[in-house]
Amino acid sequence: MATERQKYRHRPFKVSRDLITAGATSLGLVIISIAFGGAPDTHRAGDHRLPLRLAYFPNLTHAPALVGISRGEFQRQASHYRIEPKVVNAGPEAMEALLAGEVDIAYVGPSPAINTYLKSGGKSLEIIAGACSGGAELMGRGDENLHSVADLDGKRVAVPQLGGTQDVSLRRFLSLNGLAPQDRGGSVEIVPVKNSDMLALFLQKQIDAAWVPEPWASRLQVEAGAKVAVDERDLWPNHEFTTTVLVASTQFARAHPDAIQAILNAHSNSVHWLKEHPEEGKDAVNAALKALVGKGLAREVLTEAWKRVTFTVDPNRASILAMANAARQAGYITGKFDLSHAFLAKTVVASDLRRSR
Amino acid sequence: MLFPSPYRVGSTLIQEFRDGSLLNATAISLRRVLLGYSISLVIGVPLGIVLARVKFVEDTLGSLVSAFQSLPSICWLPLALLWFGLNDRAILFVVVAGSLVSIAIAVQDGVKNLSPTYVRAALTMGTPSWRIYTHVLLPASLPSILTGAKLGWGYAWRALMSGELLFVSLGLGQMLMQGRELADMSQVLSVMAVIMGLGLLTDRLIFGSLERHVRRRWGLAGA
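Residues numbered from 1 in each chain as written. Chains lettered and ligands numbered in written order. Predicted model: local features only at pLDDT ≥ 70, side-chain atom pairs only at ≥ 80, totals over all residues.

> I would appreciate a short explanation of the overall build of chain A in the present structure.
Of the regular secondary structure elements, chain A holds 15 helices and 11 strands. The contacts in chain A between residues at least 6 apart in sequence include a share of 79% that link residues at least 24 apart. (Helix = DSSP H or I, 4+ residues; strand = E, 2+ residues; numbered from the N terminus. Contact = placed C-beta atoms within 7 Å.)

Below, the structure is given as structure tokens:
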């Protein structure tokens, strides 16, 4: 009787060949997933220094960050901290990470910075320095005769992102020229297109013009035969407008003013190095880009783009405020509009940056 | 540029394989999906059985689970990034959100469709009620659990890929997006080929074999 019960309780379990195949394949996948790809967490054991998480894009306009990391400048200045570089691809993403407390300091465009600042009621971040000025152009298709913003009447213009910096600029300068986008009942069609997809659309004549940042403007020129219709610098006072700023999470800045100072020193040193060594700078930037995204820029594109950007430590308050106002007019910023605490007290930056030189 | 030749895709594949980038990206994606999928299985299968067997749970959680199933899990990404930050936990959350619910629902349907005779017979023969679960319900609904598991794997992959496409931190999805950023369509196609290869591998060798095994055990083979 007992044997009978045993028999029903434990049906003999036969291992079939199918079962072995399934098991072996699963095991193989698990082994691949563990053996390659490196450790998921790069935290080095035994290093008890406080991490300082620095976010930036693999992009020409973030060159001070690229060379600051590759030349070890940040780590040298902030030696009491462990610099953790975080490479991100877009401003909103960097700002999300900053809000989530995953990033302490970030290189980012002024639009996402201002947006995040306002959305958080001025509590999340402050702009501690500028990084890059210039570096955005209105590119016209080779066979179109575009020489000014006013020529855009009835055209189809691409921007990288609705609500992004170039979109806001386009709308601002359209209205200054008495034109309006189609979504406001005007004659200019604005289409959001990823920078990388613009090349193909230009070649297929799907768009007439594009308002794009570097190095894409230069790539459009070199690879798709586009022509510079307007260099955005010419539309601004002193030919200067901010494209990249350095922001710090307010919480981090309050807790670690020494880290902010160290990063500002490193940033300032990198900017000056880039200004004094443009050729070495181009090589360093291209090497960093190659390491981060697998491919550097073509020399021709890099040389062209380099001419159109200026690295600086000055955040250029006036241009940021003008952009913020334009974003509000375009309806991208709603609600309370108070930028009084968006900048780190000016005197601190100026005096300390002078000292660091 | 728009349609790279098979030869170019092949040479890109070889080059990516040689410099290790492909293997690294595959390993990272696999690690994420395996971990997320395991979590989904461990929670989803018992959840499905309970949903099918306990009226109270079905009344309370049932519609919530159905509602979640209609939500593409990538919708969770913005919140997950804020809750967990820019790291693997956020993407893991998206993967689990994608596969857990579909596994639970498939298992629930499978258990519900079992003939009540099995359970009554077992009870008549004096099987203790907890053993009904381990010795009757679980083995009897194994084919539908397997279907659920397969479905869940598909959802987990999709969730992972859409997450990696939007979210920048390693993995196959990011490699594909990098190809897009560089306007390098042969890289995009090579990553797509790897994803399809992995799909074929798991479908044929793992799920296919398991299904064959189960079919044979249930006497459904060779009909």
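> Would you take a moment to explain the overall build of chain B for this structure?
Scanning chain B from terminus to terminus reveals 10 helices and 0 strands. The N-to-C order of helical and strand elements in chain B reads α-α-α-α-α-α-α-α-α-α. Taking all contacts inside chain B whose residues are at least 6 apart in sequence as the whole, residues at least 24 apart take part in 74%.

> Looking at this structure, how should I read the environment of Asp338(A)?
All names here are of chain A. The topology assignment puts aspartate 338 in the loop between α14 (317–329) and α15 (346–356). With 11 C-beta atoms counted inside 10 Å, the residue aspartate 338 sits in the exposed group. When the C-alpha positions of aspartate 338 and leucine 118 are compared, they lie 7.3 Å apart, and in sequence the two are 220 residues distant. (Buried ≥ 20, exposed ≤ 12 C-beta atoms within 10 Å, placed from the backbone.)

> In this structure, what is going on with the sheet that holds strand β1 (residues 50–56) of chain A? I would like to understand it.
Strand pairing in a sheet relies on backbone hydrogen bonds. The paired strands run either parallel or antiparallel. All names here are of chain A. Pairing in this open sheet of 6 strands is mixed, and the strands run β2-β1-β3-β10-β4-β11 from one edge to the other. Taken across any chain shown, the strands that pair with only one partner, and hence form the sheet edges, are β2 (81–87) and β11 (309–311). Neighbour-to-neighbour, the strand axes of this sheet turn through a mean angle of 25°, independent of strand direction. Along the sheet, helix α11 (residues 257–276) contacts β1, β2, β3 (105–108), β4 (125–134), β10 (242–249) and β11; its crossing angle with β4, the most-contacted strand, is approximately 0°. (Pairing = 2+ DSSP bridges. Axes fitted to C-alpha atoms, helices over the stretch in contact; angles between N-to-C directions.)

> Is there a simple way to think about the sheet that holds strand β6 (residues 156–159) of chain A in this case?
Residues and elements named next belong to chain A. With mixed pairing, 5 strands are arranged side by side in an open sheet as β7-β6-β8-β5-β9. The open sheet is flanked by β7 (189–192) and β9 (227–231), the only strands paired with a single partner. Taken pair by pair, the neighbouring strands of this sheet meet at an average axis angle of 30°, ignoring direction. Note that β6 and strand β8 (residues 209–213) share 2 bridges and pair parallel. Bridging from a neighbouring strand, valine 157 pairs with alanine 209 of β8. The sheet strands contacting helix α7 (residues 165–176) are β5 (136–140), β6, β7 and β8, and the helix crosses β8 at an angle near 130°. Strands in contact with helix α9 (residues 216–224) are β5, β8 and β9; relative to β8, the strand with the most contacts, it is inclined by about 135°.

> Could you clarify how one ought to interpret the interface of chain B and chain A in this entry?
Put simply, an interface is often sized by how much accessible area is lost when its parts join up. Each partner contributes to the interface: chain B provides 29 residues, whereas chain A provides 31 residues. Listing elements by their share of the side of chain B that touches chain A, those giving two or more residues are α2 (21–53), α4 (77–84), α9 (172–181) and α10 (185–217) of chain B. Taken together, the residues of the side of chain B that touches chain A break down into 16 nonpolar, 7 polar and 6 charged. (Nonpolar A, V, L, I, M, F, W, Y, C, P; charged D, E, K, R; others polar.)

> Mind showing me how you'd approach unusual backbone geometry here?
Residues apart from glycine generally show negative phi values, whereas peptide bonds are mostly found in trans. Residues and elements named next belong to chain A. Omega for the bond connecting glutamate 214 with proline 215 falls within 30 degrees of zero, at 5°, which places this linkage in the cis form. Residue histidine 239 is not a glycine yet carries a positive backbone phi of 55°. Residue placement: histidine 239 occurs in the loop between β9 and β10. Despite not being glycine, asparagine 316 shows a phi value in the positive range, around 55°. Along the chain, asparagine 316 turns up in the loop between β11 and α14.

> So what exactly am I meant to see when it comes to the nonpolar core here?
Across soluble globular proteins, nonpolar side chains have a tendency to be buried as a group. Formed by 69 residues in total, the largest nonpolar core has its most connected members in Ala106(A) and Val247(A). When residues of this core are assigned to their parent elements, the largest contribution, 8 residues, is made by α11(A). Among the nonpolar cores identified, the runner-up in size contains 55 residues, and Leu41(B), Ala106(B), Met175(B) and Met177(B) belong to it. (Core = buried A, V, L, I, M, F, W, Y, C linked by C-beta atoms within 7 Å.)

> Any chance you could explain helix α5 (residues 88–112) of chain B here in plain terms?
Three or four residues apart is the spacing at which side chains of an α-helix point the same way, because the helix has 3.6 residues per turn. Between its terminal C-alpha atoms α5(B) stretches 36 Å, which fits the 36 Å expected from 25 residues at 1.5 Å a residue. In terms of burial, α5(B) is a largely internal element, 21 of the 25 residues being buried. (Expected span 1.5 Å × (residues − 1).)

> Can you help me understand the confidence of the model for chain B in this one?
Fine structural detail should not be taken from predicted coordinates in areas where pLDDT scores are low. On average, chain B scores 85 in pLDDT, and the residues at 70 or more come to 95%. Interface confidence for the predicted complex, given as ipTM, is 0.76, next to a pTM of 0.70. (pLDDT = per-residue confidence, 0-100.)

> Mind showing me how you'd approach helix α2 (residues 17–35) of chain A here?
Between its first and last C-alpha atoms α2(A) spans 26 Å; for 19 residues at 1.5 Å apiece the expected length is 27 Å, and the two agree. Backbone geometry just downstream of α2(A) places Gly37(A) in the positive-phi region, at approximately 85°.

> Even after reading the chapter, I still don't get the pairing of β8(A), so can you show me in this structure?
It is a general feature of regular strands that their side chains alternate between the two faces of the sheet. Residue and element names in this part refer to chain A. Counting buried residues along β8, 5 of its 5 residues qualify, which places the element largely inside the surrounding structure. By the alternation rule, side chains of β8 split into Ala209, Trp211 and Pro213 and Ala210 and Val212, which are all buried. Across 5 bridges, β5 lies against β8 in antiparallel orientation. In the sheet register, leucine 138 faces β8, and the bridge partner there is tryptophan 211.

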